[in-house]
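For reference, the chains in residue letters:
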Amino acid sequence: MLRVVFMGTPDFSVPTLAAVAGAGHEIVAVYTQPPRPAGRGMSERKSPVHAHAEAQGFTVFTPKNFKDEADRQAFAAHRADVAVVVAYGLILPQAVLDAPKHGCLNLHASALPRWRGAAPIQRAVMAGDTATAAAIMKMEAGLDTGPVCLSVPIEIGPETTAGELHDALAAKGARAMVEALAQIETGTLRCTTQATDGVTYASKISKDETRIDFDKPAAEVHNHIRGLSPFPGAWFEVKVEGKVERVRVLRTRVEQGAGSSGSIIAS
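Residues numbered from 1 in each chain as written. Predicted model: local features only at pLDDT ≥ 70, side-chain atom pairs only at ≥ 80, totals over all residues. Heavy atoms only, no water.

Caption draft 1: Main features of the overall build of the chain. Looking only at helices and strands, one finds seven helices and 13 strands in the chain. A compact globule built from 267 residues should have a C-alpha radius of gyration of about 18 Å, and the chain, at 21 Å, falls within 12% of that. Relative to its full complement of 267 residues, the chain shows a buried share of 43%. Within the structure as shown, the chain displays about 14,100 Å² of accessible surface, and the carbon and sulfur contribution to it stands at 52%. For the chain, the distance from the average position of its 28 positive side-chain charges to the average position of its 28 negative side-chain charges is 3 Å. (Helix = DSSP H or I, 4+ residues; strand = E, 2+ residues; numbered from the N terminus. Rg over C-alpha atoms; globule rule 2.2 N^0.38 Å. Buried < 20%, exposed > 50% of the residue type's maximum accessible area, 1.4 Å probe, protein only. Areas by Shrake-Rupley, 256 points an atom, 1.4 Å probe, with all protein chains shown as cover. Lys, Arg positive; Asp, Glu negative; His and termini not counted. Charge placed at Lys NZ, Arg CZ, Asp CG, Glu CD.)

Caption draft 2: Examining the packing of aromatic side chains more closely. Within the structure shown, the criterion is met by five aromatic pairs. Ring centres of Tyr 31 and Phe 66 lie 5.8 Å apart, and the angle between their planes is 35°; this geometry places the pair in the tilted category. Of this pair, Tyr 31 sits in strand E2 (residues 26-31) while Phe 66 sits in the loop between strand E5 (60-61) and helix H3 (69-76), and the two are 35 residues apart along the sequence. We note that Tyr 31, like Phe 66, is buried. On the numbers, 6.0 Å between centres and 80° between planes, the contact of Phe 66 with Phe 75 is edge-to-face. For the residue pair Phe 66 and Phe 75, the accessibility class agrees, reading buried in each case. Here the aromatic cluster, defined as three or more aromatic residues joined through ring pairs, consists of Tyr 31, Phe 61, Phe 66 and Phe 75. (Phe/Tyr/Trp six-rings, centres within 6.5 Å; stacked < 30°, edge-to-face > 60°.)

Caption draft 3: Structural view of helix H6 (residues 162-186). The end-to-end C-alpha separation of H6 is 35 Å, in line with the 36 Å expected for 25 residues at 1.5 Å each. Note on H6: the residue one or two positions beyond its end, Gly 187, has a positive phi of about 75°. (Expected span 1.5 Å × (residues − 1).)

Caption draft 4: Region of the structure containing the environment of Val 14. Along the polypeptide, Val 14 turns up in helix H1 (residues 14-22). What makes Val 14 buried here is its relative accessible area of 18%. A C-alpha to C-alpha distance of 8.8 Å links Val 14 and Ala 174, two positions 160 residues apart in sequence. With near-sequence residues (within four places) excluded, Val 14 lies in contact with Pro 48, Val 49 and His 52. (Contact = heavy atoms within 4.5 Å.)

Caption draft 5: Fine view of the state of the cysteines. What the rule picks out here adds up to one disulfide. Its sulfur unpaired, Cys 104 is 12 Å from the next cysteine sulfur, which belongs to Cys 149. By relative accessible area, Cys 104 is classed as buried at 1%. (Disulfide = S-S within 2.5 Å.)

Caption draft 6: Just the packing of H1 against helix H2 (residues 48-55), in detail. Their axes nearest at 9 Å, the elements H1 and H2 cross at an angle of 25°. Put simply, H1 runs roughly parallel to H2. Of the two elements, H1 crosses H2, and the hand of that crossing is right-handed. Within the contact between the two elements, H1 uses Val 14, Leu 17 and Ala 18 and H2 uses Pro 48, Val 49, His 52 and Ala 53. Of the residues assigned to the contact of H1 with H2, the class counts are six nonpolar, one polar and no charged. (Axes fitted to C-alpha atoms, helices over the stretch in contact; angles between N-to-C directions. Parallel < 35°, antiparallel > 145°, perpendicular 65-115°, else oblique. Left-handed = near helix turned anticlockwise from the far one by under 90°. Nonpolar A, V, L, I, M, F, W, Y, C, P; charged D, E, K, R; others polar.)

Caption draft 7: The nonpolar core, seen in detail. Grouped together as the largest cluster of nonpolar side chains are 39 residues, with contacts concentrated most on Phe 12, Leu 17, Val 30, Leu 105, Ile 136, Leu 169 and Leu 181. Residue contributions to this core peak at nine residues, all from H6. Here Ile 136 is in contact with Leu 105, Asn 106, Leu 107, Pro 147, Val 148, Cys 149, Leu 150, Gly 173, Ala 176, Met 177 and Ala 180, once residues within four sequence places are set aside. Among the nonpolar cores identified, the runner-up in size contains 15 residues, and Met 7, Tyr 31, Phe 75 and Tyr 88 belong to it. (Core = buried A, V, L, I, M, F, W, Y, C linked by side-chain atoms within 4.5 Å.)

Printed below as a string of C-alpha cells:
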C-alpha cells in the first residue's frame, strides 16, 4: 500500500478520496482550501473534502498557498509515495510537485489536451461535445500539460447537463485513480506526453455569460443552458406585473418546426 497525500476541495474530489482510502492506501495528510464565509450569515464553512476528511479521522492542512518555506517543508515531511490531486484550487510549486516519491497525480475532467483549465465539464457541454474523459495526469508546472497516464472515456448525451456529467466523471475518475495507484505499486504505470494539436482551454465561467441569448440558434441555447445546469444556472428576464423578474433555466429540449426565433415553448 502507498503513503498518499490527498489534495482536493469541492464535492467532485470526495469520491476519489473515499476510493483511495477504501483501496487500503494510507492517507497521511489531506490538503484542502481554508474555510470560507458562506451562506446568509457568512459564517466560515469547511470545504466538502475538509468535512469528509475530518469525519474519517484524517489530518487536514489548509495552507493559503505554498509560498511559505515552512509549508513546503511540512509537505515534504509527510514522506508520501504519491500525492493525489483533484480540483484542489491552488497552483503547486515545483518543490511540492517533486516531494512525493512518484510525484503528483491529478484527476482532470476532460479528454486532454482538450479543455485544459478551470471549467472543463461546463465548457464541454456548452460546446456541444458528444464525449469527454476522466484523465489521470502526472502533474508538471504547466496548466494541465503533464503526461496522461490513464484516460477513461465517457459519453455526453444530447440532454446531459453539467451536473449529471460532473457526477459521472467524479465516479469514473475515482476508479481510474485507484487503478493508477495500483499500477504504481506494480511498476506498470505508463504516462504519455499530450498531443500538441487539439489544445483548448476551459476558462472559468463568468457571470456575464450566464444570461441566455435567444438570438442564437436553438441548439446553442440548449447547450448553453445544460452546460450551466445546475450551477451557476442560465437565466433570462421577463416582466411580471410591471416588475422585471429573473427566470433561471435548468433544463430544455430543442423542438423541431415549432415557434420562432427567440420564442419559448413551455410544456
